[in-house]
Amino acid sequence: MIKCFVIDDEQAAINVLIKFIERTADLKLVGSTTNPVRGISLIQKEEPDVVFLDIQMDGIEVLKRIHTISKVVFCTAYSEFAVQSYDLDVIDYLMKPITFPRFSRAIQRVTDTIYSRPSFSEEIVPNDYMFIKSGQRDIMIRIDLDDIDFVESLNHYVAFHTGNKKLWPI
């Protein structure tokens, strides 16, 4: 389970990220705030794996205080900080308004980093898992490829059989 924390000065932006976190299996929200000073304190207490941080609200200063505790994904409506963010060793840079597919790609990068999977500059090794969208609520489910017994074709859809489960992506 990847523990997540959100810091943004706009509650609406926090709400979007919370919704995306709740829709994604293996993610757990451990806190959120609109106050960066309070956020630093809560991050030191909760020790989340990843922080979604608005760069516009002193994000770089917050990053300097938490970089040894958590990985960071910057979230902003401004593209001018993108290059600088990579110099600061952030995992990803999400442009607002954030879409769920883009959020999912960022989570893939977070997962690869946390579980020490190689970066693009290293030898490319295929993932040993995948995410599928399942059910009417668009919940993302992680499936370990080794757990798949077989895949069943059903017209334009497939069902993944893992042990006693049958997962139906839509």
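Look up: the structure comes first, before these words.
Residues numbered from 1 in each chain as written. Predicted model: local features only at pLDDT ≥ 70, side-chain atom pairs only at ≥ 80, totals over all residues. Heavy atoms only, no water.

Caption draft 1: Structural context of the overall build of the protein. Helices and strands together make up the secondary structure of the protein, namely five helices and 10 strands. Classification of the 170 residues of the protein by burial places 42% in the buried group. Put simply, 43% of the contacts in the protein that link residues at least 6 apart link residues at least 24 apart. (Helix = DSSP H or I, 4+ residues; strand = E, 2+ residues; numbered from the N terminus. Buried < 20%, exposed > 50% of the residue type's maximum accessible area, 1.4 Å probe, protein only. Contact = heavy atoms within 4.5 Å.)

Caption draft 2: Main features of helix α5 (residues 100-114). Taking 1.5 Å per residue, 15 residues should reach 21 Å; α5 reaches 21 Å between its end C-alpha atoms and fits that length. Of all the residues in α5, the buried ones are F100, R102, F103, S104, A106, I107, Q108, V110, T111 and D112. Positive phi appears at S116, one or two residues downstream of α5, with a value of about 55 degrees. (Expected span 1.5 Å × (residues − 1).)

Caption draft 3: Representation of unusual backbone geometry in the model. In this structure, the amide linkage connecting K96 to the following residue, P97, adopts the cis form with an omega of 0 degrees. With respect to the element layout, P97 can be found in the loop between β5 (92-95) and α5. For D26, which is not a glycine, the phi torsion comes out positive at approximately 75 degrees. Relative to the assigned elements, D26 resides in the loop between α1 (11-23) and β2 (27-33). With a phi angle near 50 degrees, E47 is a residue other than glycine that sits in the positive phi range. Summarising the element assignment, E47 is placed in the loop between α2 (36-46) and β3 (50-54).

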